[in-house]
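Coordinate analysis (summary)
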Amino acid sequence: MNRNEPWLVVGDFNVTRYGNEHSSCSGTTKAMLDFNKAVLAAELEDLMSTGCMYTWNNRRMGDGAIAKKLDRALGNWQWFKSLGDSYAHFHPPGISDHSPITIQMRAWHQFRGRPFKFLNHWANDVLFLHVVAQEWEKSYSGSPLIVLHKKLKSLKACLKLFCTRPDSRLVDLRGRLNMVQQQLQGEGVDPGIVELEKKLRWEVSEAARDEEAFFKQKSRTQWLKEGDSNTAFFHRTVNMRQSMNHIAKIRDENEVWVTDEDAIAQVGINHFNKFMGTSGRQAWSCDLHGYNKRLADEHVVVLESPVSRLEVKNSIWSLNPNKAPGPDGYNGCFFREAWSIVGEECTDAILHFFASGFMPSCLNATIIALIPMGKCPERMEDFRPIACCNFLYKAISKILANRLKQVLHFVIDPAQSAFVNGRNIKDNILLAQELLKGYHANRGAARCALKVDIRKAYDTIEWDFVLAMLAQVGCLGNFVMWVRQCITSPMYSVALNGSLHGFFPGKRGLRQGDPLSPYLFALGMDLLSHLLHPSVLGRPYRFHPRCHRVDITHLCYADDLLLLSASSLQSVNCLMRSLDMFRDASGLMVNPLKSVVFFCNTNATTKRDILHRVGYMEGTLPMTYLGVPLITKRLSKADCNPLVERITARANSWVSKALSFAGRLQLVKATLASMQTFWCSTFLLPQSIV
């Protein structure tokens, strides 16, 4: 079979690839290892899929029911390169025990105008700074931030002079160089041909560098920074990302499949407008239920002090220049490369915001990028919305975030370990492992743990609650005004298959992608920590074993919440009452479908009463908690399967095969080693895994 031609393998392979493709067993068998080796050797990868996750079942009920993903569609590199937006749909099995597969094939085509994006390699052109300087000399009216926005908008048309794709230019240059070098093989060569050949070799070298920079930027690969040319790796990564992120069909709110591009976009706009563009309440009494933590005066001074020019520049330089740009299309690389021209005016415009408190809506426009959270996303709920903000807005937000970060740890409860200086995710993992140890033995005091999922946490938190919490801890007028301007003035567009759709105002929520959002969210969650304090829970609450002396009632990492108590209905009632009060204040609601309760040595009657009160399902251990398995006994080889699968899948991917030797070394050092180190910092790994 010719590897240079696109081809597809479809059918029942009678074996799964990964542990999570089996409903009741997450282990890795020899057959799975052999199958993955064959897939790697043939340089195949799964197509983007929709429909049923499990494609086979044994048609049994209860504990004997088994479902697996045995059927799949695998394409080679050339398939993803030429037919990358094709996808496989797995239908319900009907009268069979296997799901039928249909392949939707469509060639790449442009749906509509693509938004402008600054490409980093443009800065290498000798005319780049000259073009920027010409546009920067023009005069516009308005506030400094609006003038800056107008200049950047006008500059886009001029930058399109550099828009020739470097890979197309490289092909042309290599063809010309080949012809000239053939002429050099004859006798009596013209000296002009020699000079032309020398010039073309230099241009080919420069074009190859620009091509690698172009595909590296589009691939969003952050860990690969040094080494030989890795253009093939970046090219494959780009094609795989575009294929996996392409949305060809989606279920609307009526559970009807939608395939038209504009109709899919409207489903996305309606969905996110419902959460981000609509407030969940009419009025709020600003009742914080006795929350009385305050910052010291010296900490308030840190928040309120005037912003300096050095602080602005440090903020801009601290942002990753290669992150995805916002609606204006300019990333940090543009501002760094053109700082000698644009730096003074950018600094003045940002300082004007802190002096006046005026945030123009054009600066706070935001793209909602959709990241699939699973292998078979069917609904908009299956995508994580990541906010791509304009770079200048992020510079302003970063200044506020840096100030808030310095003082946040003075008020945030120790149970919260996210986004607070001096605290670590491993603190929560180790505590949870220790407190749930022995749950499998079903001995000792009756106890329970509630793993609570907050529905759309960042997207649905109310703005008036966030601002009230800032005021309550002692933030004065200026800082609260700056934060209000940042979080209450966004305008959203949804990115779908490379195009932008819709333009609607936000009414609530904090954007995932805004530097300020994590710290504001951590402050908001501190009200829940206050409501879960033993003094607020009241006398009916009984502690989980080994928690009384240190007053532990819960563990929190951002919105990841684990509640702990004795297995009594009175104790659980106290916890649920606190969750209800927090919901009324913040607008954040628990998702009962994704929340579970774990019991230890609890009688059936108490279990039934607690489950009826909370409305959650009973969970089983081990489960995944903060990226690692939450186990109740010694770590086994089977518990390490997720780690082994992630490392082998990353290392053995046919995309990674295109890396240079130096690139593979960086893959091991920067990515694979960090996965193992994270697990080793929490567990003593079995010898068979090491």
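Right above here is the structure, for reference.
Residues numbered from 1 in each chain as written. Predicted model: local features only at pLDDT ≥ 70, side-chain atom pairs only at ≥ 80, totals over all residues. Heavy atoms only, no water.

What follows is about the environment of Gln 687. In this fold, Gln 687 is placed in the segment after helix H23 (661–680). The spacing of Gln 687 and Lys 637 is 50 residues in sequence and 8.8 Å in space, taken between C-alpha atoms. (Helix = DSSP H or I, 4+ residues; strand = E, 2+ residues; numbered from the N terminus.)

Next up on the list: the nonpolar core. Within the largest apolar cluster, 138 residues are counted, with the highest numbers of intra-cluster contacts made by Phe 118, Phe 334 and Phe 465. Each of domain 2 (271–307 + 385–630) and domain 3 (637–681) gives at least three residues to this core. If you look at the next biggest cluster of nonpolar residues, it comprises 17 residues, including Val 258, Met 380, Tyr 492 and Phe 504. (Core = buried A, V, L, I, M, F, W, Y, C linked by side-chain atoms within 4.5 Å. Buried < 20%, exposed > 50% of the residue type's maximum accessible area, 1.4 Å probe, protein only. Domains from an automatic or database assignment.)

Our next topic: the packing of aromatic side chains. This structure, assessed with the given rule, holds 19 aromatic pairs. Between Phe 354 and Trp 482, the aromatic rings sit 5.0 Å apart at their centres with planes inclined by 85°, giving edge-to-face as the arrangement. Note that Phe 354 is positioned in helix H12 (residues 339–356) and Trp 482 in helix H17 (residues 477–487), a separation of 128 residues in sequence. The exposure class assigned to Phe 354 is buried, which follows from its relative accessible area of 9%. Its relative accessible area of 4% is what places Trp 482 among the buried residues. Between Tyr 541 and Phe 543, the ring centres sit 5.3 Å apart and the planes meet at 75°, which makes this aromatic pair edge-to-face. Judged by relative accessible area, Tyr 541 falls into the buried class, the value being 6%. The ring of Phe 90 carries Lys 69 above its face, with NZ or CZ at 4.0 Å from the centroid. (Phe/Tyr/Trp six-rings, centres within 6.5 Å; stacked < 30°, edge-to-face > 60°. Lys NZ or Arg CZ within 6 Å of the ring centre and 35° of its normal.)

Inspection of the entire model under this criterion finds 23 salt bridges. A salt bridge links Glu 197 to Arg 201, with the shortest nitrogen-to-oxygen separation between them at 2.9 Å. Taken together, the residues span about one helical turn, with Glu 197 and Arg 201 both in helix H6 (residues 191–219) at a distance of 4 residues. Classification of Arg 201 by relative accessible area gives partly exposed; the value is 44%. A salt bridge links Lys 437 to Glu 434; the nearest nitrogen and oxygen atoms lie 3.5 Å apart. Note on Lys 437: relative accessible area 46%, which makes it partly exposed. Counted as one network, the salt bridges with shared partners bring together Arg 17, Glu 21, Glu 45, Asp 46 and Arg 72. (Salt bridge = Lys/Arg side-chain N within 4 Å of Asp/Glu carboxyl O.)

No statement about biological role is implied by the geometric values presented.
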